[in-house]
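Geometric and topological summary
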Amino acid sequence: MGARSVKPQVEVLQNFIGGAWVPSKTERVEDIPNPATGDLLARVPYSTVGDVEAAVAAAARAYPAWRDTPVVERARVMFRFRQVLEDHLEELALLVTQENGKTVEEARGEVRRGIEVVEFACGMPTLMMGNVVEDTARGIDSELIRVPLGVVVGICPFNFPAMIPLWMFPIALTAGNAFVLKPSERTPLSAVRFADLLTEAGLPAGVLNLVHGVKEAVDALLAHPAVKAVSFVGSAPVAQYIYQTAAAHGKRVQALAGAKNHLIVMPDADLERTVPAIISSAFGNAGERCLAGSVVVAVGDVADRFVPLLAAAAAKLRVGVGWDSATEMGPVIRPNHRRRILDFIERGTQEGAHLVCDGRAQVPRDETGFFVGATVFDHVRPEMTIAQEEIFGPVLGVIRVATLDEALQVVNRSRYGNMACIFTASGKAAREFRVRVEAGMLGINIGVAAPIAFFPFTGWKGSFYGDLHATGKDAVEFYTEKKVVTSRWF
Ligand code: NAD
């Protein structure tokens, strides 16, 4: 993967600034391999402070005219963008598969979830409405108006290269902001495509800009005086850094972070439906998902019946290249990430958990990609590393407890609080779970409790830094500022 192995014809990506593709001024360029084969897809520049300044300046220049464009016209751009995305859905799904590794079916699902945010943003004329109260005092009226912020920024992770940028810029743009997108340096190709597709949909030049890069580019965005708000999605340590640094520079911030999601299985759960739901939660997207089920908390005697079914289903998952329709699980993102996951598996066995499905044995022998098979541990204890750390790979642990009360204690001790799920036939147990669990996205007989676009993505605790979440009305609130006008006419 080093620079020397690069074929000269492999494209070096460019930044999208003021409506044109321009080369970065950096000397530092990294390879982007296809995780399923190791083949080079492109190379990504690690943009400089100067590149970022040019992108923010272009956004700041485009902003006044875009803000003054009537909201219905801004929404029409999104209506057209929605159609353009539909027309390119297969192409985009294949691109996601190539750069990220997930199966084409998963990639289609990802693009679909992203399109739903665009559909939500099309409702901006209604979503942005303010309020008026007549005669707040005699002859005096008060009105609340929602206005865009100015230049806002989105910094994205590798695991949903299409969906996560789409969580951000459609809502921000339709609300009247100008945008600078910093996609993941590991999966920037879908975002690159969006820039051209937005132009096709009629977005004026400079309203959306894209800069590649990592720390230097991100730090320049966080400190830039013209940037008003920062949306971030990524790992917990970086989220914390982004939240603190951007806030220190006076920005509004939402930073969505890592996760360790628990799935409680009650003795009365319908195992025929629960097992596939948990398999999909833990091993969909090769476990590289912030809503991946990572720990099953099995209550009472259910584990003896449930674990053999789970292990058998995990062992059957077909690992392979994402564009093969028979593949059920693709590779993970990079060799070093694969190594890290294998180290966690080793650590789990050393700490005394029972390996009931060993994904290390499932890796396809004839492939050069970064594969790890589905792995299941039984008899995990809450203090073990594999029960506490986000692995972000296809590794699932089962903790056995006696009661729902004990299960809730295990879940609530986690420093993360993104998602928690319960599988049960009992309304009473489900209600107790809903009331007492300390996590923001809850699933009841659902393994991936992903809120649909018109709801916010409500991580709690160490899974989120900020006040207003991504998507839904929270996002409209995040990307707008309020004015309250009090008036009297003589
Ligand atoms: P990451 O933190 O490595 O990278 C995210 C972004 O931050 C990238 O754009 C990257 O270029 C930038 N970045 C990385 N290091 C930086 C630094 N030191 N300073 C400034 N910027 C830096 O995350 P990732 O590995 O791409 O994504 C996986 C993580 O994202 C997982 O932890 C996952 O749980 C999390 N995630 C969370 C959600 C959520 O909604 N809570 C959704 C998706 C992913």
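Cut-offs used in this document
Residues numbered from 1 in each chain as written. Predicted model: local features only at pLDDT ≥ 70, side-chain atom pairs only at ≥ 80, totals over all residues. Heavy atoms only, no water. Near = heavy atom within 4 Å. Polar contact = N/O pair within 3.5 Å; in protein donor to acceptor, adjacent residues only side chain to side chain. Areas by Shrake-Rupley, 256 points an atom, 1.4 Å probe, with all protein chains shown as cover. Helix = DSSP H or I, 4+ residues; strand = E, 2+ residues; numbered from the N terminus. Nonpolar A, V, L, I, M, F, W, Y, C, P; charged D, E, K, R; others polar. Domains from an automatic or database assignment. Phe/Tyr/Trp six-rings, centres within 6.5 Å; stacked < 30°, edge-to-face > 60°. Buried < 20%, exposed > 50% of the residue type's maximum accessible area, 1.4 Å probe, protein only. Lys NZ or Arg CZ within 6 Å of the ring centre and 35° of its normal. Axes fitted to C-alpha atoms, helices over the stretch in contact; angles between N-to-C directions. Contact = heavy atoms within 4.5 Å. Core = buried A, V, L, I, M, F, W, Y, C linked by side-chain atoms within 4.5 Å. Expected span 1.5 Å × (residues − 1). Buried area = accessible area lost by both parts, 1.4 Å probe. Salt bridge = Lys/Arg side-chain N within 4 Å of Asp/Glu carboxyl O. Arc of directions from axis to C-beta.

Bringing the site of the ligand into the picture now. Taken together, 31 residues lie near the ligand, and Cys156, Glu185, Arg186, Ser235 and Glu390 sit nearest. Contact between the ligand and Phe158: an oxygen atom at 3.0 Å from a main-chain N or O atom of the residue. Measuring from an oxygen atom of the ligand, one finds a side-chain N or O atom of Glu185 at 2.6 Å. For the ligand, the protein covers 90% of the area, taking 840 Å² as the surface of the free molecule. Mapped by element, the contributors of at least two residues to the shell around the ligand are helix 6 (163-174), helix 8 (215-223), strand 10 (227-233) and helix 9 (236-248). Tallied by class, residues from the shell around the ligand come to 19 nonpolar, seven polar and five charged. If you count residues domain by domain, the shell around the ligand takes at least three from each of domain 1 (15-257 + 463-487) and domain 2 (261-444).

This part covers the packing of aromatic side chains. Counted under the stated rule, the structure contains 10 aromatic pairs. Plain terms: the ring middles of Phe81 and Phe194 are 6.3 Å apart, the flat faces sit at 80° to each other, and that makes the pair edge-to-face. A residue pair is termed long-range when its members are at least 10 positions apart, and Phe81 in helix 2 (residues 71-87) and Phe194 in helix 7 (residues 189-200) qualify at 113 residues. Given the relative accessible area of 0%, Phe81 is considered buried. Put simply, the rings of Phe81, Phe169, Phe179 and Phe194 touch in pairs and so form one group of aromatic residues. Positioned above the aromatic ring of Phe160, the side-chain terminus of Lys102 is 3.7 Å from the ring centre.

This next bit is on the packing of helix 8 against helix 9. Across the interface, helix 8 lies against helix 9 with an axial gap of 9 Å and an inter-helix angle of 35°. Taking contact as the criterion, the partners of Lys215, Val218, Asp219 and Leu222 in helix 8 are, on helix 9, Tyr241, Ile242, Thr245 and Ala246.

Bringing the nonpolar core into the picture now. Ranked by size, the top nonpolar core spans 131 residues in total, and within it Phe81, Trp167, Phe169, Leu173, Ile264, Phe283 and Phe306 carry the most contacts. The greatest single-element share of this core, amounting to nine residues, is contributed by helix 6. Both domains that meet at this core, namely domain 1 (15-257 + 463-487) and domain 2 (261-444), each give it at least three residues. Residues Val56, Ala59, Ala220 and Ile242 belong to the second largest nonpolar core, which totals 30 residues.

Quick look at helix 1 (residues 49-67) now. Here helix 1 contains 19 residues, and its C-alpha end-to-end distance of 26 Å stays within 8% of the 27 Å for a straight helix at 1.5 Å per residue. Listed in full, the buried residues belonging to helix 1 are Asp51, Val52, Ala55, Val56, Ala58, Ala59, Ala62, Tyr63 and Trp66.

Let's shift gears to the domain arrangement of the protein chain. Put simply, an interface is often sized by how much accessible area is lost when its parts join up. Segmentation of the protein chain into domains returns domain 1 (15-257 + 463-487) and domain 2 (261-444). Inter-centroid distance (C-alpha atoms) of domain 1 to domain 2 is 31 Å. In this assembly, 24 residues from domain 1 lie in contact with 25 residues from domain 2. Its largest share of buried area at the contact with domain 2, domain 1 owes to Pro35, Ala36 and Ser463, together 25% of the area lost on that side. The tally of links from domain 1 across to domain 2 stands at zero salt bridges.

An ideal rise of 1.5 Å per residue puts 21 Å on 15 residues; helix 11 (residues 302-316) measures up with 22 Å between its terminal C-alpha atoms. Among the residues of helix 11, Val302, Ala303, Phe306, Val307, Leu310, Ala311 and Ala314 are the ones counted as buried. Seen from one end, helix 11 has its buried residues packed into an arc of 130°, which puts them on one side. Exposed side of helix 11, more than 90 degrees from the buried face: Asp304 and Lys316 are the residues found there. Those residues of helix 11 that are buried lie in contact with strand 12 (261-265), helix 10 (271-283), strand 13 (293-299), strand 14 (354-357), strand 15 (375-378) and strand 16 (395-401).

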